[in-house]
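# Structure assessment
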Amino acid sequence: MREKARGEADQPFRILPRITPENEHFWTGGAEDELRFKRCRSCGYYIHPPAPRCPTCLSKELEVAAVSGRATVLTYTVNHQPWIPGFPTPYVVAIVEIEEQPGLRLMTNLVNCPIDAVRIGMPVRVRFEARDGVYLPLFEPVTG
Ligand SMILES: [Zn+2]
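Conventions we followed
- Residues numbered from 1 in each chain as written.
- Predicted model: local features only at pLDDT ≥ 70, side-chain atom pairs only at ≥ 80, totals over all residues.
- Helix = DSSP H or I, 4+ residues; strand = E, 2+ residues; numbered from the N terminus.
- Rg over C-alpha atoms; globule rule 2.2 N^0.38 Å.
- Buried ≥ 20, exposed ≤ 12 C-beta atoms within 10 Å, placed from the backbone.
- Pairing = 2+ DSSP bridges.
- Core = buried A, V, L, I, M, F, W, Y, C linked by C-beta atoms within 7 Å.
- Contact = placed C-beta atoms within 7 Å.

Right, let's talk about the overall build of the protein chain for a bit. Of regular secondary structure, the protein chain possesses one helix and eight strands. Seen in sequence order, the protein chain has helices and strands lined up from the N terminus as α-β-β-β-β-β-β-β-β. The C-alpha radius of gyration computed for the protein chain amounts to 16 Å, which stays within 12% of the reference 15 Å derived for 144 residues, consistent with globular compactness. Counting over 144 residues, the protein chain shows a buried share of 19%.

Next up, the structure:
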């Protein structure tokens with residue numbers, strides 16, 4: 001069994017995704033600090049969630065490609081309800097748009113940011129939270 005990363009035992013409970021051959025690139029890219037998506041080799045379109053072919057040109061020639069990890073906050077909500085026992089509230093649930101492609105969006109949590117400071121349009125960047133071999137892409141404000 002894998003040893004827990006330092007500090008991992010102190011992290012609050014999270015529901016983790018099931019890793020499949022189709023989504024492994026996305027959930028494990030954080031091991032190399034990379035946010036990865038399927039990308040069409042023909043037209044360059046990033047595909048998320050993963051699909052067997054490109055929705056724009058229908059090509060089946062897909063590859064896995066890393067993006068910069070930069071994004072902007074498209075919309076967000078502050079959750080105060082303790083839906084998940086042991087997961088501290090309040091927290092920010094956000095939809096972020098990845099810099100490389102309009103419409104390439106992730107639902108995520110914003111971290112390292114006071115809740116009152118969150119704004120639509122705010123520049124953020126990915127930071128991964130490691131859990132049992134899964135690297136959750138969370139986002140934090142870009143500072144400086
Ligand atoms: Zn394509």
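The rest of the description comes next.
Let us look at the sheet that holds strand β2 (residues 46-47). One open sheet holds the three strands; their spatial order is β2-β1-β3, and the pairing between them is antiparallel. Two strands close off the open sheet at either side, each with one partner strand: β2 and β3 (62-67). Direction of pairing for strand β1 (residues 35-40) relative to β2: antiparallel, over a ladder of two bridges. Bridge assignment links lysine 38 to a residue of β2, and that residue is isoleucine 47.

Now for the nonpolar core. Counting 18 residues, the largest nonpolar core has Ala71, Ala94, Val96, Leu110, Val124 and Phe139 as the members making the most contacts within it. Looking at this core, the elements that each hand over two or more residues are α1 (24-28), β1, β4 (70-79), β5 (91-98), β6 (105-110), β7 (123-131) and β8 (134-141). No other element matches the four residues that β5 contributes to this core. Sequence-distant contacts of phenylalanine 139, that is, excluding residues within four places in its chain, are made with Ala71, Ala94, Val96, Thr108, Leu110, Val124, Arg125 and Val126.

The next subject is the environment of alanine 65. Looking at where alanine 65 falls in the secondary structure, it is placed in strand β3. Not counting residues up to four positions away in its chain, the partners in contact with alanine 65 are Arg36, Phe37 and Arg39.

Take unusual backbone geometry next. Here histidine 48 and proline 49 are connected by a cis peptide whose omega angle stands at 0°. Topologically, proline 49 is positioned in the loop between β2 and β3. Note the cis peptide between threonine 89 and proline 90, where omega equals -5°. Within the fold, proline 90 resides in the loop between β4 and β5. One non-glycine residue, aspartate 33, lies in positive phi territory at about 60°. You can see aspartate 33 is positioned in the loop between α1 and β1.

With that settled, the discussion passes to the pairing of β1. Among the six residues in β1, six count as buried, and that is most of the element. The side-chain alternation of β1 yields two buried faces, one formed by Leu35, Phe37 and Arg39 and the other by Arg36, Lys38 and Cys40. Bridge count between β1 and β3: six bridges; the pairing is antiparallel. If you follow arginine 36 over to β3, its bridge partner there is alanine 66.

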